[in-house]
Amino acid sequence: MFRWTDDQHIKARSYDELVWKPALVKAEVIPPPVKDNRGRKRYVTDRKSGMHALRHYYASVTLADGVNIKDLAEILGHHDPGFTLRIYAHMLPSAHERARQAIAARMFRPAGRAGRNIDGTEGYGSGDVTA
């Protein structure tokens, strides 16, 4: 999904260390890095502010907007859509509400079109369907 200027894929860890964490430091979300005993920069982050949080946000938004679990699993690089489902099942819209909406949409009769009402009488439907 993310690519360097040479069109090569960016590894998440590289992006995290070279782009994401420095941006969080600049935005004052995390403190500046400290050097370890080998002279390497080390950032102090947690799962709420790291690149992993952006990954979860992406997954949550795409699910909320209708991307299915199988496609999301492929996008995230999960080999098993069941794994993705176990992580993000709580983000899926309620099956009960979706089922109710599906039936209501099929049974809806726009006002002005003659036909049988639910109670069997002839007339014009109001469009209200109560289960």
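Residues numbered from 1 in each chain as written. Predicted model: local features only at pLDDT ≥ 70, side-chain atom pairs only at ≥ 80, totals over all residues. Heavy atoms only, no water.

## A closer look at the overall build of the protein
To keep it simple, the criterion reads: Going along the chain from the N terminus, every DSSP run of H or I of four or more residues is numbered as a helix, and every run of E of two or more is numbered as a strand. Only protein chains enter the accessibility calculation, which uses a 1.4 Å probe. A residue is then buried if its area is under 20% of the maximum for its type, exposed if over 50%, and partly exposed in between. Contact between two residues is taken to exist if any of their heavy atoms lie within 4.5 Å; hydrogens are not considered. Per-residue and other accessible areas follow the Shrake-Rupley method at a 1.4 Å probe size, with only the shown protein chains counted as cover for residues.
Counting secondary structure elements, the protein contains five helices and four strands. Secondary structure of the protein in N-to-C order comes out as α-β-β-α-α-α-α-β-β. Across the 131 residues in the protein, those meeting the buried criterion constitute 18%. Long-range contacts, defined here as pairs at least 24 residues apart, represent 21% of the contacts in the protein between residues at least 6 apart. Total accessible area computed for the protein in this model is approximately 10300 Å², and 56% of it derives from carbon and sulfur atoms.

## Some details on the pattern of salt bridges
So the rule is basically this: Throughout this description, the term salt bridge denotes a Lys or Arg side-chain nitrogen within 4 Å of a carboxyl oxygen of Asp or Glu.
Tallied over the entire structure, the rule returns five salt bridges. The closest approach of N and O atoms between arginine 40 and aspartate 36, which form a salt bridge, is 2.9 Å. Within the structure, one salt-bridge network assembled from shared partners comprises Asp16, Glu17 and Lys21.

## Quick look at unusual backbone geometry
Residue glutamate 28 is not a glycine yet carries a positive backbone phi of 60°. Tracing the backbone shows glutamate 28 in the loop between helix 1 (12-26) and strand 1 (34-35).

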